[in-house]
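Coordinate analysis (summary)
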Amino acid sequence: MNKEEAKDELIKILYSQVMDLTMMSKIELGDDVIAEIKRLQDIIHAPF
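To start, this report covers the structure provided alongside it.

Reading guide: rules and limits
Within each chain, residue numbers correspond to sequence positions counted from 1 in written order. Per-residue local features of the predicted model are confined to residues with pLDDT of at least 70, and side-chain atom pairs are confined, for both listing and counting, to 80 or more; whole-chain, interface and lining totals are unaffected and use all residues. Hydrogens and waters are ignored; side-chain quantities use all the structure's heavy atoms. A side-chain nitrogen of Lys or Arg and a carboxyl oxygen of Asp or Glu constitute a salt bridge if their distance falls within 4 Å. What counts as a helix is a DSSP run of H or I of at least four residues, what counts as a strand is a run of E of at least two, and both are numbered from the N terminus. Think of it in three bands: residues with accessible area under 20% of the maximum for their type are buried, residues over 50% are exposed, and the middle band is partly exposed, with areas taken using a 1.4 Å probe on protein chains only. Lining residues are those with an atom within 4 Å of a point, where the points come from a 1 Å grid over the protein atoms alone and group into cavities, where a 1.4 Å probe fits but cannot get out, or pockets, open sets with protein on both sides within 12 Å along at least five of seven lines. Grid points are joined across faces, edges and corners, and a volume is the space filled by probe spheres set on the points.

1. Structural notes on the pattern of salt bridges
Inspection of every chain in the model, using the stated rule, returns three salt bridges. Here lysine 7 and glutamate 4 are joined by a salt bridge, their closest N and O atoms 3.4 Å apart. On the criterion of helical spacing, the pair formed by lysine 7 and glutamate 4 is a turn pair, its members being three residues apart in helix α1 (residues 3-25). Here lysine 38 makes a salt bridge to aspartate 42, at a shortest N to O gap of 3.3 Å. Separated by four residues within a single helix, lysine 38 and aspartate 42 lie in helix α2 (residues 31-45), roughly one turn from each other.

What follows is the structure, given as structure tokens:
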């Protein structure tokens, strides 16, 4: 596993943990946080 793959795996784990915590604790992410997550995901998944 190279650095890029490790970084991607870490992001996946952290994202899933945030989602689990928000659901279990009934905590809501702020609109600004949700917007930033979406913006960054769009950048990651944008075609080159």
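2. Quick notes on unusual backbone geometry
Despite not being glycine, lysine 26 shows a phi value in the positive range, around 55°. Within the secondary structure layout, lysine 26 lies in the loop between α1 and α2. A relative accessible area of 74% means that lysine 26 is categorised as exposed.

3. Some thoughts on the layout of surface pockets
By volume, the largest pocket amounts to about 400 Å³. Forming the boundary of the largest pocket are 14 residues, of which Ile11, Lys12, Tyr15, Gln41 and Ile44 lie nearest the centre. When contributions to the lining of the largest pocket are tallied by element, the ones reaching two or more residues are α1 and α2. If you tally residues by element for the lining of the largest pocket, the top one is α1, at seven residues.

Without other data, these values stay purely geometric and don't point to any function.
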